[in-house]
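One letter stands for each residue in the lines below.
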Amino acid sequence: MASSSPTLSSEQDKGLGWMEWFRGWFHLIHEVLFQRITARNLQNPLPLPPLNGVTCIVTGSTNGIGLEIARQLAESGACVTMAVRNLTAAHELIQNWQNHRSNTGRLNIDVMELNLLSLESVVRFSEAWNSLSKPLHLLINNAGIFSIGEPQRFSKDGYETHMQVNHLASALLSILLLPSLKRGAPCRIINVNSTMHLIGFVDTNDMNFISGKRKFTSSKAYSSSKVAQLMFSSILQKRLPVEAGISVVCVAPGSVRTNVARDLPRIVQVAYHLIPLFLFNAQEGSRSALYAATDPDIPKYCGKLKADEWPVCAYFSYHCRPMSPSKEAHNISTSQIVWEKTLNMIGLPSDVVEKLLEGKEIQCRL
Ligand SMILES: NC(=O)c1ccc[n+]([C@@H]2O[C@H](COP(=O)([O-])OP(=O)(O)OC[C@H]3O[C@@H](n4cnc5c(N)ncnc54)[C@H](OP(=O)(O)O)[C@@H]3O)[C@@H](O)[C@H]2O)c1
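Residues numbered from 1 in each chain as written. Predicted model: local features only at pLDDT ≥ 70, side-chain atom pairs only at ≥ 80, totals over all residues. Heavy atoms only, no water.

(A) Main features of the overall build of the protein chain. Scanning the protein chain for helices and strands turns up 13 helices and seven strands. Here the C-alpha atoms of the protein chain give a radius of gyration of 19 Å, agreeing with the 21 Å that 2.2 N^0.38 yields for 366 residues. Summarising its shape, the C-alpha atoms of the protein chain cover approximately 55 × 50 × 40 Å along the three principal directions. Evaluated residue by residue, the protein chain yields a buried proportion of 57% over its 366 residues. (Helix = DSSP H or I, 4+ residues; strand = E, 2+ residues; numbered from the N terminus. Rg over C-alpha atoms; globule rule 2.2 N^0.38 Å. Buried < 20%, exposed > 50% of the residue type's maximum accessible area, 1.4 Å probe, protein only.)

This is the structure we're talking about:
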């Protein structure tokens, strides 16, 4: 997402070098202006293989990119759970999709409640899903917020809302679903990240943006949450033994015309919706996640991380090519701190991955 203007801020001297900051903005502007040209060889919709027998969870699938991911996976034969906070909207969507398929068989799709603004809701969702004892082949952490121009807000768990929805809650979900993912191995966790991670960094002493040292803006909070997700994903992939068969991948969808702009001032919103020439539609924006979910070569890219010298998890660009995430995301010691602080914030013990893979019970201290 590249909606805010590149105003100079104190960002550069507090964690992100000038060069990195300018390079990040260059990539963002380049993405908006040239993504259609760069991705011109990609088909739309992305052709998917038959996915019968594949079980998927897609978070935030009532709108935008997530809606497209869920619909296309289900239409390719997968069994999809829409993990959403608006159950009525999800049921209406399913009804509508089923109505258009009278001759082609019913979609295998259901709905479960998940509100990422509540860590308790994540725990309830995971317990309910794990209790089905089904294998989980694809977890797509798509739901996200970018409350452009809004004042700082906190969840009822006490966390800054971008950090909670975009990183903490999806991290908790990924970990708590490990028993089901293990049952589905080889399987994948796909995180819908953002090119905006290139202009962000995580202040590990203030992941919750409360010290007052950094002036809060929604862009800083959004980009920090995406860097945190990327760093956490890298350490998660390192902690998962190869035999577990779980691949962790981050993707950038491109700059996509979705509801993500709902909080923009009215006049900017009009402009935003007037530049379809540059922006992807949601179906185009779903391609990188669907590619990461279905391309047979993905585990090879994830295996690379096992070599200690490679610090960052697999990352795919909006044109479905492997891309190198920011220099910041390559910082293994910061990633390790982000991993530890995240586990602490979501109430999980430091050996949670090992325990869950051994089939042991864990307590989430919320
Ligand atoms: N659009 C872009 O240009 C762009 C660029 C880079 C990355 N992304 C990323 O792509 C992902 C999808 O965004 P989008 O553009 O499709 O935005 P969107 O149209 O606003 O869709 C976001 C989805 O997330 C759900 N969601 C938000 N808060 C939630 C919560 N507390 N609990 C559960 N679900 C929640 C929304 O549910 P409701 O329907 O109930 O609101 C909605 O279904 C996000 O992670 C975003 O950061 C988008």
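(B) Representation of the environment of Leu176. In this structure, Leu176 sits in helix H5 (residues 161-176). Using a relative accessible area of 11% as the deciding quantity, one classes Leu176 as buried. A C-alpha to C-alpha distance of 7.9 Å links Leu176 and Glu127, two positions 49 residues apart in sequence. The contacts of Leu176, once residues within four sequence positions are left out, are Val123, Ser126, Asn130, Leu348 and Ile362. (Contact = heavy atoms within 4.5 Å.)

(C) Quick look at the side chain of Asn141. Along the polypeptide, Asn141 turns up in strand E4 (residues 138-141). Setting aside chain neighbours within four positions, we find Asn141 in contact with Thr59, Ser170, Leu173, Ser174, Ile189, Ile190, Asn191 and Val192.

(D) How the structure looks around the packing of H5 against helix H7 (residues 218-239). Their axes nearest at 7 Å, the elements H5 and H7 cross at an angle of 20 degrees. As the angle between them shows, H5 and H7 are arranged roughly parallel. Judged by the twist between their axes, the crossing of H5 over H7 is right-handed. Counting all contacts with H5, which are made through His162, Met163, Asn166, His167, Ser170, Ala171, Ser174 and Ile175, the residues of H7 involved are Ser218, Ala221, Tyr222, Ser224, Ser225, Lys226, Ala228, Gln229, Phe232 and Leu236. The residue inventory of the contact of H5 with H7, partitioned by class, reads eight nonpolar, nine polar and one charged. (Axes fitted to C-alpha atoms, helices over the stretch in contact; angles between N-to-C directions. Parallel < 35°, antiparallel > 145°, perpendicular 65-115°, else oblique. Left-handed = near helix turned anticlockwise from the far one by under 90°. Nonpolar A, V, L, I, M, F, W, Y, C, P; charged D, E, K, R; others polar.)

(E) Structural context of the sheet that holds strand E6 (residues 246-251). Judged by pairing direction, the sheet is parallel, and its seven strands sit side by side in the order E3-E2-E1-E4-E5-E6-E7 without closing on themselves. Only two strands of the sheet have a single neighbouring strand rather than two, namely strand E3 (109-113) and strand E7 (314-316). Between one strand and the next, the sheet's axes are offset by a mean angle of 20 degrees, whatever the strand orientation. Alignment of strand E5 (residues 187-192) against E6, held across six bridges, turns out to be parallel. What sits directly across from Cys187, in E6, is Ile246. Lying over the sheet, helix H2 (residues 64-75) contacts strand E1 (55-59), strand E2 (79-84), E3, E4 and E5, oriented at roughly 165 degrees with respect to E1. Where helix H4 (residues 119-130) meets the sheet, its contacts fall on E1, E2 and E3, and the angle it forms with E3 comes to roughly 140 degrees. (Pairing = 2+ DSSP bridges.)

(F) Layout of empty space enclosed by the protein. One pass over the full model with this rule turns up two cavities of 30 Å³ or more. Empty space within the largest cavity amounts to approximately 60 Å³. As for the largest cavity, its lining consists of Asn141, His167, Ser170, Ala171, Ser174, Asn191, Gln229, Phe232, Ser233 and Leu236. Mapped onto the lining of the largest cavity, the elements with two or more residues apiece are H5 and H7. Residues that form the lining of the largest cavity fall into these classes: three nonpolar, seven polar and no charged. Of the voids in this model, the second largest cavity is the one considered here, and its volume is about 30 Å³. Residue lining of the second largest cavity: Ser147, Glu150, Pro151, Arg153, Glu160, Thr161, His162, Phe216 and Ser218, and that is the complete set. Class assignment for the residues of the lining of the second largest cavity results in two nonpolar, four polar and three charged. (1 Å grid on protein atoms, 1.4 Å probe; cavity = no way out; pocket = protein on both sides within 12 Å on 5 of 7 lines; lining within 4 Å. Points joined across faces, edges and corners; volume = space filled by probe spheres on them.)

(G) Representation of a nonpolar patch on the surface within the structure. On the surface, Ile29, Leu33, Phe34, Ile37, Ile275, Leu277 and Phe278 cluster together to form a nonpolar patch covering roughly 610 Å² of accessible area. Relative to the helices and strands, Ile275 is located in the loop between helix H8 (266-273) and helix H9 (282-285). (Patch = residues over 30% accessible without salt bridge, like charges linked within 9 Å, V, L, I, M, F, W, Y side chains within 5 Å. Areas by Shrake-Rupley, 256 points an atom, 1.4 Å probe, with all protein chains shown as cover. Salt bridge = Lys/Arg side-chain N within 4 Å of Asp/Glu carboxyl O.)

(H) Broad picture of helix H10 (residues 287-294). Counting buried residues along H10, eight of its eight residues qualify, which places the element largely inside the surrounding structure. Within H10, burial applies to Arg287, Ser288, Ala289, Leu290, Tyr291, Ala292, Ala293 and Thr294.

(I) Expanded view of the site of the ligand. Among the 30 residues in the neighbourhood of the ligand, the closest are listed as Thr62, Asn142, Tyr222, Val256 and Thr258. Here Leu116 contributes a backbone N or O atom positioned 2.9 Å from a nitrogen atom of the ligand. With respect to the ligand, the backbone of Asn142 contributes an N or O atom lying 2.7 Å from an oxygen atom. About the coverage of the ligand: the protein hides 97% of its 890 Å² of free accessible area. Within the residue set of the shell around the ligand, elements represented by two or more residues are H2 and H7. Here the residues of the shell around the ligand are counted per class, giving 13 nonpolar, 14 polar and three charged. (Near = heavy atom within 4 Å. Polar contact = N/O pair within 3.5 Å; in protein donor to acceptor, adjacent residues only side chain to side chain.)

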